[in-house]
Amino acid sequence: TTDPQGVYFGGSEMQLRPRELLAFAELYRNGGRHEGRQIVPEEWIRDSWTQRTTSRFNGHGYGLGWWIRERRGYDVYFAWGYGGQYAFIVPELELTVVMTSDAVSPREGGHNRALHDLLTDILIPAAERGDGSPVSASDVSEERRERDHHDRGPDREHPEVVRLPALQIAEPATPTQELHVQHG
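A brief report on the enclosed structure follows. (Residues numbered from 1 in each chain as written. Predicted model: local features only at pLDDT ≥ 70, side-chain atom pairs only at ≥ 80, totals over all residues. Heavy atoms only, no water.)

Time to look at the side chain of S101. Residue placement: S101 occurs in the loop between β8 (95-99) and α3 (111-129). A residue is classified by how much of its surface remains accessible, and S101, at 16% relative accessible area, is buried. For S101, the side chain forms a polar contact with the side chain of H111, separated by 2.9 Å. (Helix = DSSP H or I, 4+ residues; strand = E, 2+ residues; numbered from the N terminus. Buried < 20%, exposed > 50% of the residue type's maximum accessible area, 1.4 Å probe, protein only. Polar contact = N/O pair within 3.5 Å; in protein donor to acceptor, adjacent residues only side chain to side chain.)

What follows is the structure in structure tokens.
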């Protein structure tokens, strides 16, 4: 989207394909370098990932165009687009993850939280191991187990809670869903 003078907004309606978003996120994870060439000054990357404020709506930190939070002891920087489009970067693990969602589907039921949980409970543990072994129940964070127990309540009937089983990760429900993970 552009303003009346033809200048791109850049902060919304970028309409990137997942692989394009992955390339953008990798540019940031690599300190602004692409194929050995400095495209974005490394200082800008550091400044972008310096927390400037905290959202009163979700408690996440916010830098210059990037959200910031801690997951499993790691700093996670993420771009958050409309309808659940995400680029997550975990520099310490050399991990970049792009998640896309159907932008016109309803967001009730904790969809965004489920995507963060997927990163926290499945993808970060896999990157920590680095050997491609499957995720076990012991990898799921204690915080997640406690939250799930609380969310389910004694009657275990809270349909608003979204859970993503490992099977959906390995075999997407529809051909249009993709999981893009860049590690290392």
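For the rest of this paragraph, the subject is the nonpolar core. Ranked by internal contacts, the top residues of the largest apolar core, which has 18 residues, are F88, L95, M99, L119 and I124. Elements with a minimum of two residues in this core: β6 (74-81), β7 (85-90), β8 and α3. Sort the elements by how many residues they give to this core and α3 lands first, with seven residues. (Core = buried A, V, L, I, M, F, W, Y, C linked by side-chain atoms within 4.5 Å.)

With the rule as written, the count across this model stands at four salt bridges. Salt-bridge contacts for E128 lead to R72; the nearest nitrogen and oxygen are separated by 3.7 Å. Taken together, the residues E128 in helix α3 and R72 in the loop between β5 (67-71) and β6 connect sequence positions 56 residues apart. Judged by relative accessible area, R72 falls into the partly exposed class, the value being 29%. (Salt bridge = Lys/Arg side-chain N within 4 Å of Asp/Glu carboxyl O.)

Mapped onto the elements of the fold, T120 is located in helix α3. In terms of polar contacts, T120 uses its side chain to reach the side chain of R71, at 2.8 Å. Here T120 is in contact with R71, R72 and P125, once residues within four sequence places are set aside. (Contact = heavy atoms within 4.5 Å.)

The next point concerns helix α1 (residues 18-29). In this model, α1 (12 residues) spans 16 Å end to end at C-alpha, consistent with the 16 Å of a helix rising 1.5 Å per residue. Along α1, the residues classified as buried are L21, L22, A25, E26, L27, Y28 and R29. (Expected span 1.5 Å × (residues − 1).)

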